[in-house]
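# Descriptive structure summary
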Amino acid sequence: MPDKIILQPGREKSVLRHHPWIFSHAIKEIEGSPEEGGEVEVFSSSMEWLAVAAYSPKSQITARIWSFDRNDTIDEAFFRNRISEADQRRESLRSSGITAYRVVAAESDGIPGLIIDRYNNFIVVQILSAGCEHHRNDIIGAISSLFPELSIYERSDVSVRKKEGLEEKTGLIRGEIPPDELVISETGGMKIIVDIVHGHKTGYYLDQRDNRAKAAMYAKGTSVLNCFCYTGGFSLFALRGGAKSVTNVDVSERALELSKKNIVLNHLDPGRVKFIREDVFAFLRKQKQKGEKYDLIVLDPPKFAENKSQLMRAARGYKDINMLAFSLLRKGGVLMTFSCSGLMTRELFQKVVADAAMDAGVNAQIVDTMSQACDHPVGLPYPEGLYLKGFAVRVMQ
């Protein structure tokens, strides 16, 4: 007999709407002895079959749904089909000359807990759930059969694995170890150096691709301040757009070194760029005290909230840093501000930015709303997939 999860009365509604998560408090009882990461069949309280899911007893998300089709078997063929379909949906990116993109975006592409990114001839995987860990060999086998000529490297060094009862893991799975400096092509042929082994996330912030390109729209003739610049992606497009000066600020010396190399690589003028290694909050406060002003400021900070208990503190952090940025903008200047905290809704983030402008004594208007790139889709039944939100805010004359 297959192992079963039986839901509390009324808790089947989200499953019927194809939301992929089942929380522990929604479960009435568990029949059988499901192994960690193994399959369980999901039933309503009236014993109607709903889905097949991966069991994760150490997580508040006790089950992540693989399929709503009773005929599906969760094996290598299942993952090969899902990954192949997801990659086909990215064909327009490949044909445009972009060489780095997200192949699989976890739940939104029908494989909960699995991230697959491609950088040229390298596949980078993040296995983030007990179910994917249980099917590790099936997943790697599927990737290998679909991309036989590509090397596979794992970057499962993500704290979310701890919530699933898993240890962080990195290393070469197949093929060649990625070089420390791999050159990818982005929008408009922009060249970016990425470090798959040591870099942030899987090597780069692929989700900001479209927003980096937008920086060129606001940059002509401006002085630009790029905060949390990492390897300087926003700065490259600002320079291409005609910025007269750019200041890159980050705490990482390695990131600043790569940002310098990226400028030379793209035949842009390094004489127009300053590189400052410093905590962004401290730097902004110093600039405010000096009375410095900029025409375009980019704020792309790391995630401030990992869980709900941190959300209000995160909101205060976002407000403080946006307030400092508004105080440094000239009239007519633009702030491109972002939050990658999934728990921070777009509505709350807009309120935080509005409060920051008010406290800075600035009258401003949103001229553009931004989100994650198209290879980071959001499944309609899964609104949690929308994590990156941003606004371009112009200080009114």
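Residues numbered from 1 in each chain as written. Predicted model: local features only at pLDDT ≥ 70, side-chain atom pairs only at ≥ 80, totals over all residues. Heavy atoms only, no water.

When you go through the protein chain residue by residue, the secondary structure sums to twelve helices and 20 strands. By the compact-globule yardstick of 21 Å for 397 residues, the protein chain fits well, its C-alpha radius of gyration being 23 Å. Reported as C-alpha extents along the three principal axes, the dimensions of the protein chain are approximately 70 × 45 × 35 Å. Put simply, the protein chain has 397 residues, and 55% of those count as buried. Of the roughly 17,200 Å² of accessible surface on the protein chain, 50% is carried by carbon and sulfur atoms. Put simply, the protein chain has 52 plus and 51 minus side-chain charges, and the middle of one group is 8 Å from the middle of the other. (Helix = DSSP H or I, 4+ residues; strand = E, 2+ residues; numbered from the N terminus. Rg over C-alpha atoms; globule rule 2.2 N^0.38 Å. Buried < 20%, exposed > 50% of the residue type's maximum accessible area, 1.4 Å probe, protein only. Areas by Shrake-Rupley, 256 points an atom, 1.4 Å probe, with all protein chains shown as cover. Lys, Arg positive; Asp, Glu negative; His and termini not counted. Charge placed at Lys NZ, Arg CZ, Asp CG, Glu CD.)

Pairing is mixed across the open sheet formed by seven strands, whose spatial order is β16-β15-β14-β17-β18-β20-β19. Each of the sheet's edge strands pairs with one partner strand only, and the pair in question is β16 (273–277) and β19 (364–371). Ignoring strand direction, the axes of neighbouring strands in this sheet form an average angle of 15°. Here strand β18 (residues 329–339) pairs with strand β20 (residues 389–395) via six bridges, running antiparallel. By the bridge assignment, V334 is partnered in β20 with R394. (Pairing = 2+ DSSP bridges. Axes fitted to C-alpha atoms, helices over the stretch in contact; angles between N-to-C directions.)

Unfilled space is identified by rolling a water-sized probe across the atoms. According to the stated counting rule, one finds one cavity of 30 Å³ or more in the structure shown. Computed from the structure, the largest cavity encloses a volume of approximately 40 Å³. What lines the largest cavity is simply A54, Y55, S56, R64, W66, P112, S129, A130, G131 and E164. For the lining of the largest cavity, the elements supplying multiple residues, two or more each, are β5 (49–55), β6 (61–67) and α4 (130–134). When the residues that make up the lining of the largest cavity are grouped by side-chain class, the tally is five nonpolar, three polar and two charged. (1 Å grid on protein atoms, 1.4 Å probe; cavity = no way out; pocket = protein on both sides within 12 Å on 5 of 7 lines; lining within 4 Å. Points joined across faces, edges and corners; volume = space filled by probe spheres on them. Nonpolar A, V, L, I, M, F, W, Y, C, P; charged D, E, K, R; others polar.)

Attention now moves to the pairing of strand β4 (residues 39–43). By the criterion of burial, β4 is predominantly enclosed, with four of the five residues buried. In the sheet, strand β1 (residues 4–7) pairs with β4 via three bridges, with the strands oriented parallel. From the neighbouring strand, K4 faces β4, where its bridge partner is E41.

Quick look at the packing of aromatic side chains now. Evaluated as defined, the whole model comprises ten aromatic pairs. Members of the aromatic cluster, each reached through a chain of ring pairs, are W21, F23 and Y382. We note K4 situated over the ring of F43; from NZ or CZ to the ring centre the distance is 5.2 Å. For the cation-ring pair, K260 lies above F275, with the distance from its terminal atom to the ring centre recorded as 5.3 Å. (Phe/Tyr/Trp six-rings, centres within 6.5 Å; stacked < 30°, edge-to-face > 60°. Lys NZ or Arg CZ within 6 Å of the ring centre and 35° of its normal.)

With that out of the way, let us pick up the packing of helix α10 (residues 280–290) against helix α11 (residues 311–327). For the pair α10 and α11, interaxial distance at closest approach is 9 Å and the crossing angle is 35°. Classified by chirality, the crossing of α11 by α10 is left-handed. Here V280, F281, L284, R285 and K288 of α10 come into contact with α11, specifically with G317, D320, I321, L324 and S327. Its residues placed into classes, the contact of α10 with α11 shows five nonpolar, two polar and three charged. (Left-handed = near helix turned anticlockwise from the far one by under 90°. Contact = heavy atoms within 4.5 Å.)

It is worth spelling out the sheet that holds strand β8 (residues 114–119) at this point. Pairing in this open sheet of five strands is mixed, and the strands run β7-β8-β9-β10-β11 from one edge to the other. Two strands bound the open sheet, and with one partner strand each, they are β7 (100–105) and β11 (169–174). Between one strand axis and the next, the sheet turns through 20° on average, direction left out of account.

If you look at the biggest cluster of nonpolar residues, it comprises 40 residues, and the most contacted ones within it are Y119, Y204 and M336. Of all the elements in the fold, those that place two or more residues in this core are β9 (122–127), β12 (182–185), β13 (191–194), α7 (209–219), α8 (233–240), α9 (253–265), β17 (294–299) and β18. Broken down by element, this core gets its largest block of residues, five residues, from α8. Not counting the four nearest positions on each side in its chain, M336 is found in contact with N211, K214, A215, Y218, F234, L296, I297, V298, L299, M370, F391 and A392. Within the second largest apolar cluster, 33 residues are counted, among which are A315, A325, L328 and V352. (Core = buried A, V, L, I, M, F, W, Y, C linked by side-chain atoms within 4.5 Å.)

Mapped onto the fold, S129 is located in the loop between β9 and α4. For S129, a relative accessible area of 1% gives the class buried. One polar contact links the side chain of S129 to the main-chain carbonyl oxygen of P112, over a distance of 3.3 Å. With sequence-adjacent residues up to four places away left out, S129 is seen in contact with R64, P112, G113, E164 and L166. (Polar contact = N/O pair within 3.5 Å; in protein donor to acceptor, adjacent residues only side chain to side chain.)

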